[in-house]
Amino acid sequence: MTINSPITPEQIRKSADMLKQTRPAYKYLIDFYEEMFVIQEESKSELDLDPIIIGQEQIKLKIDKGISLINPDQFVIDVNHAKKLLIKICSIAGQKLPHLLDASQNISAGLSNNSFNAETLFNALLKNDPKALNKIAQTINVNEDALIFFAFEAIAPSIQACSSQLSYYLKSDSEAKPSQEQVPWKKGTCPVCGNIPQMGILNQDGEKYLVCSLCLHRWKTSRMGCSLCQNREKDKQQYFFNEEEKEYRVALCDNCKKYIKIVDLRELVRAFYPPLEQLCSIHLDMQASEQGYQGLVQNKI
Ligand SMILES: [Zn+2]
Ligand SMILES: [Zn+2]
């Protein structure tokens, strides 16, 4: 598969099944996430989103200056779609994750009796407005982290659809030259939305890409050195990997003391779905953090 191959719900299920076999410790989490990932992907066909239009001159300027195309609060959300998805995700969590039963029920009840406005919640998330989020969490008596988790998963399909629409702007220069499809981006943050990466990928040719933790955009980056702080001193960069998981390696940087997990698609025997790989490699986060390195993205629930 190529770096940007779309994934089908059947492929997600197959990859999830394989991971449940090889990493039984994750079965409990996969049982929930698999259902959520599948409805997120399936629901994308129902999205109704206006495209985000950016003028050619502005795009050129942004790319030249290394500025992301938009800020996260400029993503367009299909509120009705996200609201329906939020209720479905809460229902799955209620069945699969007993520790989130109360939270999921309170969010669903709050939505149906209009205790809070879904659009206000989604905007507060995108604007990173802790005060507004805290107010909603208190109103419906839900832990704020749980509320943020559910709401983010509900708007994820809208965000990813906007991102894939916007990513065409980044390819516009190179359409005539497919071999130069993506020019390496010099920054360690997403060229679409400016967020940090959640993981790295090595494609079939050994080229390195990063995957955005918010919009899942994948961008090409330099193979050498730290993807995060751009340090290139060889003695400051190291890796570790586990013999039985050849598809993963963890890049450690002694300059910024951060690490990033990298999936080598040449060694991967299942369809690649970044959120699933992120979930089923928490043991690597633990190993890296035991060695004193800091992750970029906090793991979910
Ligand atoms: Zn992004
Ligand atoms: Zn670094």
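Anyway, here's the lowdown on the structure attached to this text. In this text the structure is predicted, and so the values were computed from the model without any measurement.

Here we come to the pattern of salt bridges. If you walk through the whole model with that rule in mind, you get 18 salt bridges. Two residues, Arg270 and Glu247, come together in a salt bridge whose shortest N-O distance is 3.0 Å. Of this pair, Arg270 sits in the loop between β6 (259-264) and α9 (274-279) while Glu247 sits in the loop between β4 (237-240) and β5 (248-253), and the two are 23 residues apart along the sequence. There is no split in this pair, since Arg270 and Glu247 are both buried.

Moving on: the coordination of the zinc ion (ligand 1). Protein-derived coordination of the zinc ion (ligand 1) comes from Cys190 (SG), Cys193 (SG), Cys212 (SG) and Cys215 (SG), at a distance range of 2.3 to 2.4 Å. In this structure, the zinc ion (ligand 1) is surrounded by four donor atoms whose angles at the metal cover 99 to 121 degrees, and the resulting shape is tetrahedral. Here Cys212 falls in the buried class, since its relative accessible area comes to 0%.

It is worth spelling out the coordination of the zinc ion (ligand 2) at this point. Looking at the zinc ion (ligand 2), the protein donor atoms are Cys226 (SG), Cys229 (SG), Cys253 (SG) and Cys256 (SG), and they sit 2.3 to 2.4 Å from it. Its four donor atoms give the zinc ion (ligand 2) angles of 106 to 115 degrees at the centre, a pattern that matches the tetrahedral case. Residue classification places Cys226 among the buried positions, given a relative accessible area of 7%.

Right, let's talk about the packing of helix α7 (residues 130-139) against helix α8 (residues 144-171) for a bit. Direction vectors running N to C along α7 and α8 enclose 105 degrees, while the axes themselves pass 9 Å from each other. Classified by the angle between their axes, α7 and α8 sit roughly perpendicular to one another. From α7, Pro130, Leu133, Asn134, Ile136 and Ala137 reach across to α8, where they touch Glu144, Leu147 and Ile148. The residue inventory of the contact of α7 with α8, partitioned by class, reads six nonpolar, one polar and one charged.

Here is what the cut-offs are and how they apply
Residues numbered from 1 in each chain as written. Chains lettered and ligands numbered in written order. Predicted model: local features only at pLDDT ≥ 70, side-chain atom pairs only at ≥ 80, totals over all residues. Heavy atoms only, no water. Salt bridge = Lys/Arg side-chain N within 4 Å of Asp/Glu carboxyl O. Helix = DSSP H or I, 4+ residues; strand = E, 2+ residues; numbered from the N terminus. Buried < 20%, exposed > 50% of the residue type's maximum accessible area, 1.4 Å probe, protein only. Donors = N, O, S within 2.8 Å, 3.2 Å for Na, K, Ca; no water. Tetrahedral: all angles 85-135°; square planar, octahedral: opposite > 155°, others 65-115°. Axes fitted to C-alpha atoms, helices over the stretch in contact; angles between N-to-C directions. Parallel < 35°, antiparallel > 145°, perpendicular 65-115°, else oblique. Contact = heavy atoms within 4.5 Å. Nonpolar A, V, L, I, M, F, W, Y, C, P; charged D, E, K, R; others polar.

Just geometry here; none of it tells us what the structure is for.
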